[in-house]
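# Structural features, examined
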Amino acid sequence: MHHVPGRIRIKFSANLLRDPAAKTLAQGLPALLEQTGIPPALDAKGMPMSSTAVPGLKSWRLNRLGRTLILEYEPNVWPFEWLNELMETKDTQRAQELLYGAAEKIKNQTQ
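Now for a description of the structure that goes with this document. (Residues numbered from 1 in each chain as written. Predicted model: local features only at pLDDT ≥ 70, side-chain atom pairs only at ≥ 80, totals over all residues. Heavy atoms only, no water.)

As a further point, take the pattern of salt bridges. In total, this model carries 3 salt bridges according to the counting rule given. Measuring nitrogen to oxygen at the nearest pair gives 3.6 Å for the salt bridge that ties E72 to R61. Of the two residues, E72 is situated in strand 4 (residues 68-73) and R61 in strand 3 (residues 57-63); the sequence distance between them amounts to 11 residues. Classification of E72 as partly exposed rests on a relative accessible area of 24%. Between R94 and E85 there is a salt bridge whose closest N-O contact spans 2.6 Å. By relative accessible area, R94 is classed as partly exposed at 27%. Taking the relative accessible area as the measure of exposure, E85 reaches 33% and is therefore partly exposed. (Salt bridge = Lys/Arg side-chain N within 4 Å of Asp/Glu carboxyl O. Helix = DSSP H or I, 4+ residues; strand = E, 2+ residues; numbered from the N terminus. Buried < 20%, exposed > 50% of the residue type's maximum accessible area, 1.4 Å probe, protein only.)

Spelled out as structure tokens, the structure:
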């Protein structure tokens, strides 16, 4: 992972692409967004159809072969410190709190 304000690169294991739990999570993402009140603007693979589907997300690129996801974002919308904590926490409960906080933020910005 490499992170500077406005851009984050996430490296993931090739096993993630085959992991049944990850597939289940991706398939359940539209329902989770609906449950939190965020309008689902996702493609069939669970990825945002456009960078404007998520406030503050400028662009994203998925490189399956290189196993990286690059997100370019507005640091004034998604603070650098918040993303760092989300990526580095080993506490599942804290990660969940951060994600639900983000969902609430997106919901409020899209209304």
